[in-house]
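Commentary on secondary and tertiary structure
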Amino acid sequence: MSQFYTSTDHFTIIPAVMLALFGCAILLFDFLVFPDPRQRKYLLIFVALAEGFTGYALYRQTEWLTANGQTSLTGFGGSVTVDGFGIFFNWIFVIAAMIVAVVSYKYLEISGEHHGEYYGLILFAQSGMYFLATGTDLITLFIGLELMALTFYVMVGFLRTDKRSNEAAIKYLLLGAFSSGFLVYGFSLMYGMAGSTKLAVVAEAIRQRPLWDPVVFLALATTSVGLLFKISAAPFHMWAPDAYEGAPTTVTAYLAVASKAASIAFLLRIFMGPFWSAKEVWEPILSVVAVLTMTVGNLAAINQTNIKRLLAYSSISHAGYMLLGLVAGNDTGINGIAVYVMVYTFMNLGAFLVVVALRRQNIIGEDLDDIAGLMSRSPGYAVLMLIFLLSLAGIPPTAGFLGKYYIFLSLIQTGHFTLAVIGTLYVAVAIYYYFKIVRSMFIRESTEKAPMATSAGLRLALGVSGVLTLAIGVYPEPFLRLAQTSLLR
Amino acid sequence: MPSGYIPILIFLAVAISFPVVAILAAKLIRPAAPSVIKLEAYECGIKAASDSRGRYTVRFYIIAILFVIFDVETIFLFPWAVRYRTLGWFGVAEVAVFLAILIVGYIWAYKKGALEWV
Amino acid sequence: MTEVPISWFLTLSAVLFVLGVAGFLFRRNIITVFMSIELMLNAVNLTFITFSYQLKRVNGHLFAFFVMVVAAAEAAVGLAIILTIFKNRGTLNIDDVDSMKN
């Protein structure tokens, strides 16, 4: 350790270091230890170890914060900040990565693309997410974002011989790079105003400028384009349906859950940090964007026949609800976003996992017809899917209700009654298209008889997400306390 | 006015006039005896095999991808070289870690057969 | 000898950025679209270097380094994906790579 790299610095980034280290180890061990492709699932041990160490490091960080009575610990001269917010989001990434890794091997074996580096990519993406949730410096955030995005470009195109996967990858890559161009242009303007890349200094510089300063506005506009793109908010959502549909379903689940959670964390870091003093400027813009996002997501989902595409549009509309929490902007709203992200993780992962189980030899299994008669074929999956869909629609006593409840509560507290009414109306639309899936499962006759592609990992993951989706809805107190720790101020 | 740009203007004028003068002078002095052979791209006697805008083998692209990565990563070595004395052994260790990560990638590419010419 | 004002550099980089955006929106070949993105990122680099020069601080240079590396990584991943697309479809026109529809 030296003056450039103290033990405090080390303590603040150790989870990301662990993830990157095990990611590199997987790249090497894939060849050295497991030359036989059938042994590749043993690489899961490395993922489990990496997540174990990461979880332990996060636990140690929490311990340190409570033991010293601090709300945050900064490292690298303020570039990385470990606080309740970052730790909360990182737990979500740990759970999402673990679940996705566990269910992947069967799916990839069936698709004929089971390669060791897939698990490495999951870990690399997660180390990028770590910096998105804990970074408080423009450079750190940018590197975290790109580390996450680049690995996702590769993972979306992982089925090399599949035309849809290629297409999804190139669309995601081109639009993703385009949006990060805008984002980084906004960053350059922020740097120009503040002379520093630290978020705290940038926030101070923006506070001293007039509210409608053109440079602030330009920085806000360009940065928002990049951020809204990443959370797939309208009008920058075009990539999401294609990327979600074309990607391997396990990657879609990871993309829909972990990538979105990390982007929300990033968005909150920027809007609650540098741009907080310009709230009057961005509040109306974000309300329009949120309403537009809910409109596009919910209305476009109605006509979909591909389940992954339908869930993609539904995930766009969920981004709209999360934005509403930021528009409200009080503690209930920000806390509501944390609750929403947590709830969304389990229910959305669960819904995609059922689609993963539908993929069998020679059957793509993504169409509404493929899920027909699921109740008579494998009732367990059908009931779980029903729980996830009810939760996605936001019907009590499932977890989804809780997420929406806090968002609407914060809107009412801050007097945004119109937004609350619009949000509630779209819940009704959402129920309609989720029940298209339910009707297909319970009422229609099964078209083929092939059994579900099940594996021990998949059953475990489905069980965990199903139980948690119900548990958060029925007994929310411990989960709410957990989300409470994530308040940014 | 930026008087510092006057040398650049002079230089520009010289640079433009040089080829013009040379070509004009050559045109006035040389004997005119055009032939088909003189119009060929190379006068060494070998006919051009194909258009230079044709397709390359895909192998070049893979080499290019690897080159781009390993070439650009050296950017990070230059700042270290500038502050070598200040950073001391810490800098050496840091760069060793950085290179180790690159080498992992290199081993991976090698094992995947990306460097073999097929 | 007078200096070139800072605003000229900023204007130049803004113009380059807009050119990149226009190229992204209007060109149809994937490789050209890709080059437009690189142009955008390099315009950003110019802004960073300008501010860094004006403020006499070095962290703008640092950011430009990282942007360059990210651009290179994006180019590498992008080229690899473009190769697989060309292998599977035999075209690099963006309008032809559009099989998924609502």
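For every chain, the first residue of the written sequence is number 1, and numbering continues from 1 along that sequence. Each chain takes a letter, starting from A, and each ligand takes a number, starting from 1, following the order in which they are written. It should be noted that, the model being predicted, local features are given only for residues of pLDDT at least 70 and side-chain atom pairs only at 80 or more, the latter also being counted only at that level, while totals for whole chains, interfaces and linings use all residues.

Considering the overall build of chain C
On a plain count of helices and strands, chain C comes out with three helices and zero strands. Helix and strand definitions here come from DSSP, where helices need a minimum of 4 consecutive H or I residues and strands a minimum of 2 consecutive E residues; each element is numbered from the N-terminal end. When the helices and strands of chain C are read in sequence order from the N terminus, they spell out α-α-α. Viewed in the frame of its principal axes, chain C has a C-alpha envelope of about 55 × 30 × 25 Å. Here exposure depends only on C-beta density: within 10 Å of a residue's C-beta, 20 or more other C-beta atoms make it buried, 12 or fewer make it exposed, and intermediate numbers make it partly exposed, the C-beta atoms being placed from the backbone. Counting over 102 residues, chain C shows a buried share of 34%. Once C-beta atoms have been placed from the backbone, residue pairs whose C-beta atoms lie within 7 Å are recorded as contacts. Residue pairs in contact within chain C that sit at least 24 positions apart in sequence constitute 46% of those at least 6 positions apart.

Quick look at the interface of chain B and chain C
Contacts between the two partners involve 13 residues from chain B, matched on the other side by twelve residues from chain C. Three classes are used: nonpolar for Ala, Val, Leu, Ile, Met, Phe, Trp, Tyr, Cys and Pro, charged for Asp, Glu, Lys and Arg, and polar for all others, with Gly counted as polar. Among the residues forming the side of chain B that touches chain C, the class breakdown is ten nonpolar, two polar and one charged.

Let's talk about helix H5 (residues 138–156) of chain A
It helps to recall that an α-helix has 3.6 residues per turn; residues three or four apart then point in one direction. Taking 1.5 Å of rise per residue, 19 residues should cover 27 Å, and H5 of chain A covers 26 Å from first to last C-alpha, within 8% of that figure. The element H5 of chain A is largely enclosed, with a buried count of 18 among its 19 residues. Helix span is expected to be 1.5 Å times the residue number reduced by one.

Topic: the interface of chain A and chain C
The interface of chain A with chain C comprises 34 residues on the first partner and 35 residues on the second. Breaking the side of chain A that touches chain C down by element, the ones donating at least two residues are H5, helix H6 (163–194) and helix H9 (239–246) of chain A. In terms of residues, the side of chain A that touches chain C owes the most to one element, H6 of chain A, which gives 16 residues. In terms of residue class, the side of chain A that touches chain C is made up of 16 nonpolar, eleven polar and seven charged.

A word on helix H3 (residues 84–111) of chain A
All names here are of chain A. Over its 28 residues, H3 extends 40 Å from the first C-alpha to the last, a length consistent with the 40 Å expected when each residue adds 1.5 Å. Note that the bend at a residue is defined as the angle between axes fitted to the seven residues ending at it and the seven residues starting at it. Within H3, the axis deviates most sharply at Ser 104, by approximately 45 degrees. Taken across its 28 residues, H3 has 25 buried, putting it largely inside the fold. Just beyond H3, the residue with positive phi is Gly 112, at close to 75 degrees.

A look at the packing of H9 of chain A against helix H12 (residues 307–328) of chain A
All names here are of chain A. Angles shown run from 0 to 180 degrees and are taken between the N-to-C directions of axes, each axis being a line fitted to C-alpha atoms and, for helices, limited to the stretch in contact. The interhelical angle for the contact between H9 and H12, taken along N-to-C directions, is 140 degrees, at an axis separation of 8 Å. Accordingly, the angle class assigned to the pair H9 and H12 is oblique. The interaxial crossing formed by H9 with H12 has right-handed handedness. Only Lys 308, Arg 309, Leu 311, Ala 312, Tyr 313, Ser 315 and Ile 316 of H12 make contact with H9, whose side of the interface consists of Ala 240, Pro 241, Tyr 244 and Glu 245. Of the residues assigned to the contact of H9 with H12, the class counts are seven nonpolar, one polar and three charged. Any angle between 65 and 115 degrees counts as roughly perpendicular, while under 35 counts as roughly parallel, over 145 as roughly antiparallel, and the rest as oblique. Helix crossings are classified by the rotation of the near helix relative to the far one: an anticlockwise turn of less than a right angle makes the crossing left-handed, while a clockwise turn makes it right-handed.

Details of unusual backbone geometry
Cis geometry marks the peptide bond from Ala 234 of chain A to Pro 235 of chain A; its omega dihedral reads 0 degrees. Within the secondary structure, Pro 235 of chain A sits in the loop between helix H8 (214–230) and H9. With omega at 10 degrees, the peptide bond leading from Pro 396 of chain A into Pro 397 of chain A counts as cis. Mapped onto the elements of the fold, Pro 397 of chain A is located in the loop between helix H15 (379–393) and helix H16 (399–413). Even without a glycine there, the phi angle at Lys 56 of chain C is positive, about 55 degrees. When you line up the elements, Lys 56 of chain C lands in the loop between helix H2 (30–55) and helix H3 (59–89).

Some words on the pairing of strand S2 (residues 80–83) of chain A
Residues and elements named next belong to chain A. Alternating positions in S2 separate into two faces, Val 80 and Val 82 on one and Thr 81 and Asp 83 on the other, with burial throughout. Two strands pair when backbone bridges link them, and strand S1 (residues 72–75) and S2 are joined in this way by four bridges, in the antiparallel orientation. When the sheet's bridge partners are listed, Ser 72 is paired in S2 with Asp 83. Pairing between strands requires that DSSP locate at least two bridges from one strand to the other. The turn joining S1 and S2, which pair antiparallel and follow one another in sequence, is formed by four residues; a positive phi near 55 degrees is taken by Phe 76.

Comments concerning the confidence of the model for chain A
Close inspection of predicted coordinates is inappropriate for parts of the model with low pLDDT. The predicted model of chain A averages 91 in pLDDT, with 99% of residues at 70 or higher. Taken element by element, chain A is modelled with least confidence in helix H14 (residues 374–377) of chain A, mean pLDDT 86, and with most confidence in H5 of chain A, mean pLDDT 96. Every residue is assigned a pLDDT by the predictor, reflecting its confidence on a scale from 0 to 100.

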